[in-house]
Amino acid sequence: MLAEVVIQSIGEPVTRLPYEDDVSLAVVEAVSVATGEHPTEIGPLSDAVDPEALNELFASTFSNHVREEGVIHFPFEGHSVVIDASRREVRVYG
């Protein structure tokens, strides 16, 4: 499981948030913080990517090992979202 959400906006300090939930929830939370809107006020993540597939992609393996490889990048709510298993983080740029 990934361990940190990193939010970067031009001219703003970097915000780092730990998390332990599904990566899809971390993306919604990170974009919510980046936009300054409540999570229920931003569009559904499913407009950008399949949340269940995203969770499966970055979930622990069947033998309960943390995935150490894999990167995905997609736009969501006017921000760029990058999930990197090797760095154990979700990054939101905007």
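Every chain's residues receive numbers from 1 upward, in the order its sequence appears when written. Under the rules for a predicted model, residues below a pLDDT of 70 receive no local features and side-chain atom pairs below 80 are neither given nor counted, while totals for whole chains, interfaces and linings still include all residues. To get the side-chain values, take all heavy atoms of the structure and skip hydrogens and water.

Caption draft 1: Spatial organisation of the sheet that holds strand S5 (residues 89-93). Pairing is mixed in the open sheet, where 5 strands are placed in the order S2-S1-S5-S4-S3. Pairing within the sheet leaves two strands with one partner each, and these edge strands are strand S2 (15-18) and strand S3 (71-76). For this sheet, the mean inter-axis angle between neighbouring strands, taken without regard to orientation, is 15°. Paired strands, in this sense, are two strands between which DSSP finds at least two bridges. Secondary structure elements follow DSSP: runs of H or I no shorter than four residues count as helices, runs of E no shorter than two count as strands, and numbering proceeds from the N terminus. Inspection of the sheet shows strand S4 (residues 79-84) paired to S5 by 5 bridges, in the antiparallel sense. Directly across from Val-82, in S5, lies its bridge partner Arg-91. Each of S3 and S4 touches helix H2 (residues 51-58); the most contacted strand, S3, lies at about 155° to it. With axes taken as lines fitted to C-alpha atoms, and helix axes fitted only over the stretch in contact, angles between N-to-C directions fall between 0 and 180 degrees. Residue contacts follow a heavy-atom distance rule, with two residues in contact if any of their heavy atoms lie within 4.5 Å.

Caption draft 2: Main features of the nonpolar core. The term nonpolar core refers to a set of buried residues drawn from Ala, Val, Leu, Ile, Met, Phe, Trp, Tyr and Cys, joined through side-chain atoms within 4.5 Å. Relative accessible area decides the class of each residue, using a 1.4 Å probe on protein chains only: under 20% of the type maximum gives buried, over 50% gives exposed, and in between gives partly exposed. Val-27, Leu-54, Phe-74, Phe-76, Val-81, Ile-83 and Val-90 are the most contacted members of the largest nonpolar core, which has 20 residues in total. By residue number, the principal contributor to this core is helix H1 (residues 23-35), which donates 5 residues. Dropping the residues within four chain positions of it, Phe-74 is found in contact with Val-27, Leu-45, Ala-48, Val-49, Leu-54, His-79, Ser-80, Val-81 and Ile-83.

Caption draft 3: Quick peek at the packing of H1 against H2. Relative to each other, H1 and H2 sit at 115°, their axes nearing to 7 Å. Between H1 and H2, the residues in contact are Val-23, Ser-24 and Val-27 and Pro-51, Leu-54, Asn-55 and Phe-58, respectively. By the convention adopted, Pro, Cys, Tyr, Trp, Phe, Met, Ile, Leu, Val and Ala count as nonpolar, Lys, Arg, Asp and Glu as charged, and the other residues, Gly among them, as polar. The class makeup of the residues in the contact of H1 with H2 is 5 nonpolar, 2 polar and no charged.

Caption draft 4: Fine view of H2. Turning to H2, its buried residues number three or more, namely Leu-54, Asn-55 and Phe-58. Angular distribution of buried residues about the axis of H2 spans 100°; they occupy a single face of the element. Across H2 from its buried face, at more than 90 degrees, point the exposed residues Glu-52 and Glu-56. Buried residues along H2 sit in contact with H1, S3 and S4. Each C-beta atom gives one direction from the helix axis, and the arc is the one those directions make.

Caption draft 5: Inspection of the pattern of salt bridges at higher detail. Salt-bridge detection follows one rule: a side-chain nitrogen of Lys or Arg within 4 Å of a carboxyl oxygen of Asp or Glu. All chains considered together, the criterion is met by 1 salt bridge. With a shortest N-O distance of 2.6 Å, Glu-89 and Arg-91 are connected by a salt bridge. Residues Glu-89 and Arg-91 agree in their burial class; the two are buried.

Any functional reading would require information beyond the geometric quantities listed.
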